[in-house]
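Close look at the chain arrangement
Letter by letter, the chains look like this.
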Amino acid sequence: MAVIHHTTLKPTKTELLAGWLPGRPWYRGGPAPVLEKSGGFRLDDPEGEVGIEFIVATDTASPGRTAYLAPLTYRGAPLEGAEHALVGTMEHGVLGTRWVYDGCHDPVLVTQSLALIEGRARAMAQSVSDTPDREVTRSYTGAPLSLNGFTPEPADGADGTRLPTPNGTVLEIHRVLAPVAGQHPPVPRDALGHIATGWPGPDDSRLRALFMTLRQA
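The present account deals with the structure reproduced in this document. What you see is a predicted model, and the numbers here were worked out from it, not measured in a lab.

1. Let's talk about the overall build of the protein
A count of helical and extended segments in the protein gives two helices and 13 strands. Radius of gyration (C-alpha) of the protein: 16 Å, near the 17 Å computed for a compact globule of 217 residues. For the protein, the spread of C-alpha atoms along the three principal axes comes to 45 × 40 × 35 Å. Split into buried and exposed, the 217 residues of the protein put 50% on the buried side. Expressed as a percentage of contacts within the protein between residues at least 6 apart in sequence, the contacts between residues at least 24 apart total 57%. Summing over all exposed atoms, the protein offers an accessible surface of approximately 10300 Å²; the carbon and sulfur share of this is 51%.

Laid out in structure tokens, this is it:
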């Protein structure tokens, strides 16, 4: 399981994202977002090499406090062929230089996300080592997924990212989150699977949203 180091990051994750988000086709805000890290969870890399984190980054400068989903991977060396997916680099107080990628382009994050949907992987707490995140919900009703040799080829749209898989399905990553308060977000009837979780909202509320939906292509 991943060990969470409580140490310095230069720049911080929200600072990296504030420079990267305005260039995304699904971004809704102005040229200078003011981001706060509102929630999220982690997944473990079975090989123990890649950090995997799903961050809810809320733009407090936008009307209605727009919440974005940023799936990120952290690597100790550049990911070959993924220069276009690099969010930036940061200096970690323990691990040194970390290359931070849009995880939708990283096969480790995509493979583990589908394993979570199937129930073969566990969501882990964002800021506590070796602790499952029991608020994350998932479902899957299809046949076993096989991703041997899979190279992700995601496509960004106005609302999120679509990622075809070799199994004839499409994983939809909801980049602009649609939170609901105090209840589980509705899952589309045609969904084969989903991932959802919650984070603190204003006025002591608890917001929940779909992070990912798996559909038939």
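Once you've had a look at it, read on.
2. Observations regarding the environment of R75
Looking at the element boundaries, R75 is found in strand β4 (residues 66-75). A C-alpha to C-alpha distance of 8.6 Å links R75 and T97, two positions 22 residues apart in sequence. Discounting chain neighbours no more than four positions away, the residues touching R75 are V50, T97, R98, W99, Y101, D106 and V108.

3. Some points on the pairing of strand β3 (residues 51-59)
Of all the nine residues making up β3, nine are buried; the element is thus mostly covered by neighbouring parts of the structure. Of the two faces of β3, the one carrying G51, E53, I55, A57 and D59 and the one carrying I52, F54, V56 and T58 are both buried. Summarising the sheet, strand β2 (residues 35-43) and β3 pair through eight bridges and their orientation is antiparallel. When the sheet's bridge partners are listed, F41 is paired in β3 with F54. Bridge analysis of β3 against β4 gives nine bridges, and the strand direction is antiparallel. The partner of T58 across the bridge, within β4, is A67. Counted along the chain from β3 to the antiparallel partner β4, the turn is six residues long, and its residue G64 has a positive phi close to 80 degrees.

4. Concerning the pairing of strand β9 (residues 160-164)
Relative to β9, strand β8 (residues 155-156) runs antiparallel, the two being bridged by two bridges. Each bridged residue has a counterpart across the sheet, and for D156 the counterpart in β9 is T161. The loop that links β8 with its antiparallel partner β9 comprises three residues. Where β9 and strand β10 (residues 169-174) come together, five bridges link them in antiparallel fashion. Looking at the pairing, T161 lines up with I173 of β10. Where β9 hands over to β10, the hairpin turn is made up of four residues, of which G168 adopts a positive phi near 75 degrees.

5. As for the packing of aromatic side chains
Following the criterion strictly, the structure yields six aromatic pairs and no others. Residues W26 and Y68 carry aromatic rings whose centres are separated by 6.1 Å and whose planes lie at 45 degrees to one another, so their mutual orientation is tilted. Taken together, the residues W26 in the loop between α1 (13-20) and β2 and Y68 in strand β4 connect sequence positions 42 residues apart. With respect to burial, W26 and Y68 carry one shared label: buried. Aromatic rings pair up to connect W20, W26, Y27 and Y68 into one cluster.

Parameters and conventions
Residues numbered from 1 in each chain as written. Predicted model: local features only at pLDDT ≥ 70, side-chain atom pairs only at ≥ 80, totals over all residues. Heavy atoms only, no water. Helix = DSSP H or I, 4+ residues; strand = E, 2+ residues; numbered from the N terminus. Rg over C-alpha atoms; globule rule 2.2 N^0.38 Å. Buried < 20%, exposed > 50% of the residue type's maximum accessible area, 1.4 Å probe, protein only. Contact = heavy atoms within 4.5 Å. Areas by Shrake-Rupley, 256 points an atom, 1.4 Å probe, with all protein chains shown as cover. Pairing = 2+ DSSP bridges. Phe/Tyr/Trp six-rings, centres within 6.5 Å; stacked < 30°, edge-to-face > 60°.

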